[in-house]
Structures are given as structure tokens and as C-alpha cells.
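# Structural characterization, general
Here is what each chain is made of, one letter per residue.
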Amino acid sequence: QPLHSSHGSTIRSNIYALDGIKVNDPIKMYLQTNINFDIMAEIEVETAALSAEIGNNGGTYINVVTKSGGNKLNGKALLYYSSDKLTNTLWSKKELNATESSLAPMDKSLWDISLSLGGPFLEDRLWFFGNSRLIFQSRTTAFIPWTDPQGIRHEEFDWNNKEKMGFFKLTSSVTSKFK
């Protein structure tokens, strides 16, 4: 969660928006969703003299303006990969095993795949932009061995996370001066 304050306000005084639509959790007032960086065209940050449609706010107004398609078909594919084979630890396995009080990562990996496509449906009138993102993370960690109430001994902890994000936007132009 983004945690910041401005003008002495609390972190719950901030308003987050996606193309001008508020995306705050209505109870806690935190950002309600993850926003994919690959759909961002610009970020607007306002701390004072807010317009009437934003309303009364003692904190910061943050609006993420998303990308739009254009008259030319464009696409982008991004792949990020990381694993323990690409990193190095300063301690030997013997030293890690000797310190029973600390968690020692044994295996970890990250796959982050993002695909974007934008272009025209009708040239100079109707455009589209879409993005799909998949994140796969896994980690196996050694920790202090313990036995659960059923008598099963545990010596490591496995954690897996899969996150899927999707975004689609249509933009139209009623006249040449109004989009």
C-alpha cells in the first residue's frame, strides 16, 4: 500500500483515481487495487486547489491516466525473470545452517510477463488499448524445524503466488476537437 501524507493529513486522506474514477477502498481509504505500470501514460499529483469534482480532501489526489490506442497499430511484450541462480549470498550453506534463528532462502523465482496492444478500430474516430500481465512467484525457505500437532515434521516453507491483471480501454473522438 502506498503510505504517504501531505499537509499534515493522515494516510487515509488521500484520493487515488484511475482516469478520474476513484479507486479508494470505501472503508479504509487505501488504494483498492494494484495498478499495472504498463498501462500508465502519466500520473497527476495534486496537493492543493483541488477542482470541485474531486471534492473536499485534506490529503493528496493521485490520478493515473492510462494509455490509449492511436491510428497506428502498436504492441509490446515484456518479460522479466529472476531466480536464486542469478543472485549470490554472502554466507556459505554451512553458515546458514548453523544459524537456526534466521530464515534462509533456499530457492526463489519470479516470472513477470506483460503483453500490450493498441491501435485503431476506426481511424481518427475509435481506438483501443489492452494489456494483460501475469506474475508467477515462488519461494522455498528453510527455517527452524518444528513438528505440528499431527506429528508431521516441517523443515521448510513453500510460498507460491500467481497474479493476473487485465486492462482494456476504448477511446473515441466525437469531433476533431473533443476526444
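Read on for an overview of the structure. Along each chain, numbering runs from 1 in the same order as the chain's sequence is written. Side-chain atom pairs in this predicted model are given and counted only at pLDDT of 80 or more, local residue features only at pLDDT of at least 70, and totals for whole chains, interfaces and linings cover all residues. Here the side-chain values reflect all heavy atoms present in the structure, with hydrogen atoms and water set aside.

Moving on, we get to the overall build of the protein. Secondary structure is summarised from DSSP: a helix means a run of H or I of at least four residues, a strand means a run of E of at least two, and numbering begins at the N terminus for each. Summing up its helical and strand segments, the protein has 1 helix and 8 strands in all. Using C-alpha atoms as the atom set, the radius of gyration is obtained and then compared with a globule rule of 2.2 Å times the number of residues to the power 0.38. Compactness check: the protein gives a C-alpha radius of gyration of 23 Å against a globular reference of 16 Å for 179 residues, more than 25% above the reference. Seen through its principal axes, the protein has C-alpha atoms that stretch 70 × 45 × 35 Å. A buried classification covers 27% of the 179 residues belonging to the protein. Every residue pair with non-hydrogen atoms within 4.5 Å of one another is taken to be in contact. In the protein, once contacts between residues fewer than 6 apart in sequence are set aside, the share between residues at least 24 apart is 63%. Summed over its atoms, the accessible surface of the protein is roughly 12700 Å², and 57% of this surface lies on carbon and sulfur atoms. Residues scored as positive are Lys and Arg, those scored as negative are Asp and Glu, and His as well as the terminal groups of each chain are ignored. Lysine's charge is taken at NZ, arginine's at CZ, aspartate's at CG and glutamate's at CD. Looking at the protein, you have 19 positive and 19 negative side-chain charges, and the mean spots of the two groups are 4 Å apart. Working definition: with a 1.4 Å probe on protein chains only, accessible area under 20% of the residue-type maximum means buried, over 50% means exposed, and in between means partly exposed. Each accessible area is a Shrake-Rupley estimate made with a 1.4 Å probe; only the visible protein chains count as cover when residues are assessed.

For lysine 85, the location among the structural elements is in the loop between β5 (74–83) and α1 (93–98). Taking relative accessible area as the criterion, lysine 85 reaches 69% and is therefore assigned exposed.

Moving on, we come to the environment of glycine 166. Examined against the element boundaries, glycine 166 turns out to sit in strand β8 (residues 153–172). On the basis of relative accessibility, which here comes to 70%, the residue glycine 166 falls in the exposed class. In this structure the C-alpha to C-alpha distance between glycine 166 and serine 132, which are 34 residues apart in sequence, comes to 4.6 Å.

Any carboxyl oxygen of Asp or Glu within 4 Å of a side-chain nitrogen of Lys or Arg constitutes a salt bridge here. What the rule picks out here adds up to 2 salt bridges. As a salt-bridge pair, lysine 169 and aspartate 19 come within 3.6 Å of each other at their nearest N and O atoms. Placement of lysine 169 in strand β8 and of aspartate 19 in the loop between β1 (15–18) and β2 (21–22) is noted, with a sequence separation of 150 residues between them. Note that arginine 133 and aspartate 112 form a salt bridge whose closest N and O atoms lie 2.5 Å from each other. Separated by 21 residues along the polypeptide, arginine 133 in strand β7 (residues 126–147) and aspartate 112 in strand β6 (residues 104–122) bring together distant segments of the chain.

With respect to the element layout, serine 114 can be found in strand β6. A relative accessible area of 2% places serine 114 in the buried class. Side-chain polar atoms of serine 114 contact the side chain of aspartate 38, separated by 2.5 Å. Beyond its immediate stretch of four places on either side in the chain, serine 114 contacts Asn36, Asp38, Lys76, Ala77, Leu78, Asn131, Ser132 and Arg133. N or O atoms within 3.5 Å of each other form a polar contact, as long as, within protein, one can give a hydrogen and the other can take it, and as long as residues adjacent in sequence are counted only when both atoms are side-chain atoms.

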